[in-house]
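Tertiary structure, described
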Amino acid sequence: MMTSIWDDAIAALEPIHEALEELSGHGSWASLVDELRTCLVAVARAPGPNLELHPSLARATQLTTTLVVAGVWPQDRVEALRPAFNACIGSGGGEWAGERGAQADSWMGFRASRKRPRVNALPSFCEPEPPYDIPTDPPEVSGVVVDYSVVEALPVEALGSELVEQCLEDLSLVSRHRWERFLSESGNEEQTMLRLGDAFCVVGEAAPQHLRAWWQNQAARDPYQAFAIGYALGVCAGAQHLELLRACLEELDPTDSESGRCAADALQLITRPERRPLVEHWRSASHPVIRAAALELGTRRLDGQAWLSVEEVGSSLADPNPSIVLAALRGLARLGTLPEGLVPQVHQLMLGPLGQDVAVEAARCFALCGHSAPFIALRQDGRAYAAWGERVLEVLVWFGSTEDLGLLQHFLKRAPQTADTLDAVARFGVVETYAYLLHALEQEELADDALKGLITLLGPLPEDADPLLVTTWQAQLKRVKPKPGVRYRRGQPWQPRVVASEIAAGHLSRREVQARTDELVVRLGGLPQPDLTAFGDELDGQLSDLLSGLGNLNARFNAGSYDCYTRDRQAGGAA
């Protein structure tokens, strides 16, 4: 079977060999062509996949991406490398020596005071089910009478299946709410998660099999379903349940990066000794979503420091699978370090050879690691807008100034009005965009998002004001008395303390808090990034440390200015 897969992977490289022959006559590409041919020949001559081919494939991907970005080759040249890359990565997996004898808490029932998930050994139900004896004639009793003709006897197995299905459906929903609803509400959602984890374990040793059946019966995949199975299996003691999680994730589309992230989010919440060896084991998996989950989990500071080094994460940038590259870019941004040797590679990815999501994440990686390359590209390289689409507005929020108002207005004429564009325009903070937000307020499907944007820009309204009336916001604008050239947030000149109070109020979702912490890190430089996927008690401490530190920065930040430490530090230079 492996031979057939390898033969197919080698056959997929034939168009690249043929295209190289056509390039041989172009002197400007001669050295690149020679090196790429050397890499591909080494792969083609190998009798089968092995990890020793990884450097050749990684370099071949970098060189091919260069030709794609230059417009010489189409994007499918990079995609042709994926089968060989995946086969080689998966050839060195071996058996996982996970700690199967993990310590599990004894079963004590749900404790309302518990703030974190606990790992439980699944109870075993070995006794046969008692027979169900439903009488044919109802007994003569007073009060409520049961109609035994319509009673359905539900076996324990069927009851367990229904309970597992309901737990997983609820976990999917709660995990979405935890990310998208107000941060102040996440405590209730996390308590619900604890209860659902306990309920899943009550089903006993049959619960994982019911989970597998539920997973396979899903007609459409939702990334939060991956969170649900990751959390449910994560609270079950024993490495075999994490191996079942891997088997489920292997059924996903290889480009489904969000499901890998959500699975890592779930495993992050559950403290157990198998997680670190799991990261090492999953990094050599053949399926991209498994490798992406390993990168996501391995770059989070679960033991006070990340389990994967910057070099280990950076090596994955050459992977031709977008899901892996996305996870690697997020990991580098999380670590806050981008070695100079990786800068050219990230710059290529930022211009879109692997799609918009990768391009935007590459720009974010640059920004959070202290490079102004996205802003330079925005002003000087016409490919930036094509690569980022309407998400180009986020780069202006990070780096832009009043000099970029014309650029902002140019993009707004081309970009569709969406929740993301309205939020970005509001956070940019220039009152000239007030009319843009009012126009969206009059559209029913955008009214809620426009209202959020107007509050972000001009601040909350008086209690008796009707927020959906244009005249209400005209009056609010007069109260703010905006001045030209001043950046505003919630009706006040932008300052770190204003953003801090905005976050501390708890009326933002984790997604919205993420946008603001990104902005703070780029604008102010050197700030610790809170891990917004962490459980509430841990996140509260991280946010408290961040927000308390912002108060000390107000004195050296001009209120209402568009100062940007990252931009100004590298003004006029390339990242």
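Notes on the structure follow. None of these values were measured; they are calculated from a predicted model. Numbering of residues starts from 1 in each chain and follows the order in which that chain's sequence is written. Side-chain atom pairs in this predicted model are given and counted only at pLDDT of 80 or more, local residue features only at pLDDT of at least 70, and totals for whole chains, interfaces and linings cover all residues. Values shown for side chains rest on all heavy atoms present in the structure; no hydrogens or waters enter the calculation.

**Section: the pattern of salt bridges**
Between Lys or Arg on one side and Asp or Glu on the other, a salt bridge is scored when a side-chain nitrogen of the former is within 4 Å of a carboxyl oxygen of the latter. According to the stated counting rule, one finds 40 salt bridges in the structure shown. Ionic pairing is found between Glu251 and Arg221, a salt bridge with its closest N-O pair at 3.9 Å. Of this pair, Glu251 sits in the loop between helix H11 (239–249) and helix H12 (257–268) while Arg221 sits in the loop between helix H9 (207–216) and helix H10 (223–234), and the two are 30 residues apart along the sequence. For each residue, the accessible area found with a 1.4 Å probe, counting protein chains only, is set against the maximum for its type, and the residue is called buried under 20%, exposed over 50%, and partly exposed in between. Given a relative accessible area of 35%, Glu251 falls into the partly exposed group. A relative accessible area of 33% means that Arg221 is categorised as partly exposed. Arg283 is paired through a salt bridge with Glu312; the nearest N and O atoms lie 3.5 Å apart. Remark: Glu312 occurs in helix H15 (residues 310–314) and Arg283 occurs in the loop between helix H13 (275–282) and helix H14 (288–298); sequence separation between them is 29 residues. Here Arg283 falls in the partly exposed class, since its relative accessible area comes to 25%. Taking relative accessible area as the criterion, Glu312 reaches 27% and is therefore assigned partly exposed. Connected through salt bridges with shared partners, the residues Glu394, Asp423, Arg427, Arg487, Arg489, Glu502, Arg516 and Glu519 form a single ionic network. Working definition: helices are DSSP H or I runs of at least four residues, strands are E runs of at least two. Numbering for both runs from the N terminus.

**Remarks on the packing of aromatic side chains**
Here a Phe, Tyr or Trp ring, Trp counted by its six-membered ring, pairs with any other such ring whose centre lies within 6.5 Å, and the pair is stacked when the planes are under 30 degrees apart, edge-to-face when over 60, and tilted otherwise. One pass over the full model with this rule turns up five aromatic pairs. Measuring from centroid to centroid gives 5.2 Å for Tyr385 and Phe411, while their planes differ by 5°, and the two rings are stacked. A residue pair is termed long-range when its members are at least 10 positions apart, and Tyr385 in helix H20 (residues 383–388) and Phe411 in helix H22 (residues 405–414) qualify at 26 residues. We note that Tyr385, like Phe411, is buried.

**Considering the side chain of Gln348**
For Gln348, the location among the structural elements is in helix H17 (residues 343–350). With sequence-adjacent residues up to four places away left out, Gln348 is seen in contact with Gln62, Thr65, Thr66, Val69 and Pro353. When checking whether two residues touch, look at their non-hydrogen atoms; a contact exists if any pair is within 4.5 Å.

**Some details on the packing of H12 against helix H16 (residues 322–335)**
Angles run from 0 to 180 degrees between N-to-C directions of axes, and those axes are lines fitted to C-alpha atoms, restricted for helices to the stretch in contact. H16 packs onto H12 with a crossing angle of 45° between their chain directions and a minimal axis gap of 9 Å. It follows that H12 is oblique to H16 by the angle criterion. Note that H12 runs across H16; the crossing there is right-handed. Between H12 and H16, the contacting residues are Ser257, Glu258 and Arg261 on the first element and Ser323, Leu326 and Arg330 on the second. Classification convention: Asp, Glu, Lys, Arg as charged; Ala, Val, Leu, Ile, Met, Phe, Trp, Tyr, Cys, Pro as nonpolar; all other residues, Gly among them, as polar. When its residues are assigned to classes, the contact of H12 with H16 shows one nonpolar, two polar and three charged. Angular relationships are summarised with four words: roughly parallel below 35 degrees, roughly antiparallel beyond 145, roughly perpendicular across 65 to 115, and oblique for the angles in between. For any pair of crossing helices, the crossing counts as left-handed if the nearer helix is rotated counterclockwise from the farther one by less than a right angle, and right-handed if it is rotated clockwise.

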